[in-house]
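Descriptive structure summary
One-letter residues, chain by chain:
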Amino acid sequence: MSSLVTIIVPTLNRHKELKERSLPSIFKQTYKNWELIIVNDGGAIVNNVKDANILNLAENHGKSYCVNLAVKMSKGEYILVVDDDNALHEKYLEMAVETIERESEKETKWSNSEWHALNTGRIVYHKGYTDYAPAYYQQGLGFAAIDWGCLIRKKVFDVIQYDETLFGDEDADFGIQFYKHFRAYALDAALQYAWANNTGVSYPSKKRLESLKRFYEKNWQEYEEAGPKDLAFLNRFYARNFYLAGHKKEANKYFWKAFKAWPTRRTATHFLVSLINYKSYYNLMRIEEKYYSAKRMKNLWKK
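Let me begin by describing the structure that accompanies this report. Just so we're clear, the structure is a prediction, and the values are computed from it rather than from any experiment.

Details of the overall build of the protein chain
Scanning the protein chain from terminus to terminus reveals nine helices and nine strands. Viewed in the frame of its principal axes, the protein chain has a C-alpha envelope of about 60 × 50 × 35 Å. Residues counted as buried form 49% of the 303 residues belonging to the protein chain. For the protein chain, long-range pairs separated by at least 24 residues make up 70% of all intrachain contacts whose partners lie at least 6 apart in sequence. As presented, the protein chain carries roughly 15500 Å² of accessible surface, and 53% of it is formed by carbon and sulfur atoms.

The structure is reproduced here in structure tokens:
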């Protein structure tokens with residue numbers, strides 16, 4: 001019998017994270033009807049993983065290529081991508097599959113439609129604090145990434161695939177394309193776990209910045225159409241990456257664009273602090289992140 005869910009784990013030189021996070025959480029799933037494809041993107045050889053189809057690529061191609069390749073080989077009705085350094089709640093698959101099939105059956109009866117994907121809530125561990133990213137329910141236009149931990153019907157990939165020219169932000173780009181054609185059900189339960197990099201020393205490479213430029217040029221009109229808040233987010237995100245890489249002039253230009261798109265006290269503060277130095281801006285970001293994280297965690301515990 002074909003596996004109902006194909007789990008895809010792209011990886012690159014993170015054997016420790018595979019061993020301690022993603023793989024144990026997969027093998028502990030209470031739902032057992034799945035297959036596992038691990039795609040090693042040109043790094044140190046991955047082997048000796050039970051019940052897994054392992055692809056050790058000779059060269060590095062990027063996450064989008066790895067996912068697209070594995071989807072072509074998959075046997076499942078659903079696709080689930082899991083980042084190698086993150087983890088799933090043991091009942092993730094059980095709850096996700098049951099929910100998307102139950103809710104799709106309801107939709108079919110009333111509107112002759114179905115849900116094409118399902119996303120859930122996520123606990124995010126930062127250095128010194130914990131955050132909760134709730135499941136995202138898309139209503140009309142707006143920013144919504146389709147990244148790891150989203151259960152997707154395989155037939156979606158007959159229409160769209162991950163953009164293999166992007167090395168970073170491929171999940172946001174895929175989400176933009178997804179919501180033009182499909183819908184995702186939001187199961188707002190904490191069924192995923194992620195560990196954020198808060199060291200402040202992960203400098204974007206030249207390749208990463210070139211990819212970000214392509215993403216911006218490809219999608220900025222989508223953000224503009226979604227509304228001023230979304231466009232401001234895109235410009236601020238672009239600016240942060242270039243600032244971190246040492247391109248202060250370019251960064252200030254896009255912080256200013258963010259303020260012009262959505263002239264609020266917050267965007268003005270970001271622009272003004274960015275004129276000082278990156279350390280000051282980084283500290284501002286950490287203060288904001290902790291503040292909003294505390295609010296989200298408080299809302300989570302109220303449920």
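Here we look at empty space enclosed by the protein
What the rule picks out here adds up to one cavity of 30 Å³ or more. Approximately 30 Å³ is the volume attributed to the largest cavity. For the lining of the largest cavity, the class distribution of residues is four nonpolar, no polar and three charged.

What about the packing of aromatic side chains?
A ring pair, where both rings are aromatic, is described by two values, the distance of the centres and the angle of the planes. For the coordinates displayed, the defined rule picks out 22 aromatic pairs. Their ring planes at 70 degrees and their centres at 6.2 Å tell us that Y243 and F255 sit as a pair that is edge-to-face. In this pair, Y243 sits in helix α6 (residues 228-244) while F255 sits in helix α7 (residues 248-261), placing the two residues twelve residues apart along the sequence. Both residues of the pair, Y243 and F255, belong to the buried class. Centre to centre, the rings of F255 and Y281 are 4.8 Å apart; their planes meet at 55 degrees, and the pair counts as tilted. Taken together, the positions of F255 in helix α7 and Y281 in helix α9 (residues 278-302) put the pair 26 residues apart, joining distant regions of the chain. For F255, a relative accessible area of 1% translates into the label buried. Put simply, the rings of Y243, F255, Y278, Y281 and Y282 touch in pairs and so form one group of aromatic residues.

Remarks on the packing of α6 against helix α8 (residues 265-274)
Where α6 meets α8, the closest approach of the two axes is 12 Å, and the angle between their N-to-C directions is 15 degrees. Regarding the angle of α6 to α8, the classification is roughly parallel. In the packing of α6 onto α8, the handedness of the crossing is left-handed. The residues of α8 that touch α6, namely those facing A232, R236 and Y243, are R266, T267, H270 and S274. When grouped by side-chain class, the residues that make up the contact of α6 with α8 number two nonpolar, three polar and two charged.

Regarding helix α3 (residues 92-111)
Across its 20 residues, α3 extends 27 Å between first and last C-alpha, which sits within 8% of the 28 Å expected from 1.5 Å per residue. Positive phi appears at N112, one or two residues downstream of α3, with a value of about 55 degrees.

Comments concerning the pairing of strand β9 (residues 184-195)
Side-chain direction in a regular strand flips from residue to residue, so the side chains alternate between the two faces of the sheet. Bridge count for strand β5 (residues 87-88) against β9 is two bridges, and the pairing is antiparallel. The residue of β9 that forms the bridge with A87 is Y193. The sheet contact formed by strand β6 (residues 117-126) and β9 spans nine bridges and is parallel. Across the sheet, residue G121 finds its bridge partner in β9, namely A190.

Procedures and definitions
Residues numbered from 1 in each chain as written. Predicted model: local features only at pLDDT ≥ 70, side-chain atom pairs only at ≥ 80, totals over all residues. Heavy atoms only, no water. Helix = DSSP H or I, 4+ residues; strand = E, 2+ residues; numbered from the N terminus. Buried < 20%, exposed > 50% of the residue type's maximum accessible area, 1.4 Å probe, protein only. Contact = heavy atoms within 4.5 Å. Areas by Shrake-Rupley, 256 points an atom, 1.4 Å probe, with all protein chains shown as cover. 1 Å grid on protein atoms, 1.4 Å probe; cavity = no way out; pocket = protein on both sides within 12 Å on 5 of 7 lines; lining within 4 Å. Points joined across faces, edges and corners; volume = space filled by probe spheres on them. Nonpolar A, V, L, I, M, F, W, Y, C, P; charged D, E, K, R; others polar. Phe/Tyr/Trp six-rings, centres within 6.5 Å; stacked < 30°, edge-to-face > 60°. Axes fitted to C-alpha atoms, helices over the stretch in contact; angles between N-to-C directions. Parallel < 35°, antiparallel > 145°, perpendicular 65-115°, else oblique. Left-handed = near helix turned anticlockwise from the far one by under 90°. Expected span 1.5 Å × (residues − 1). Pairing = 2+ DSSP bridges.

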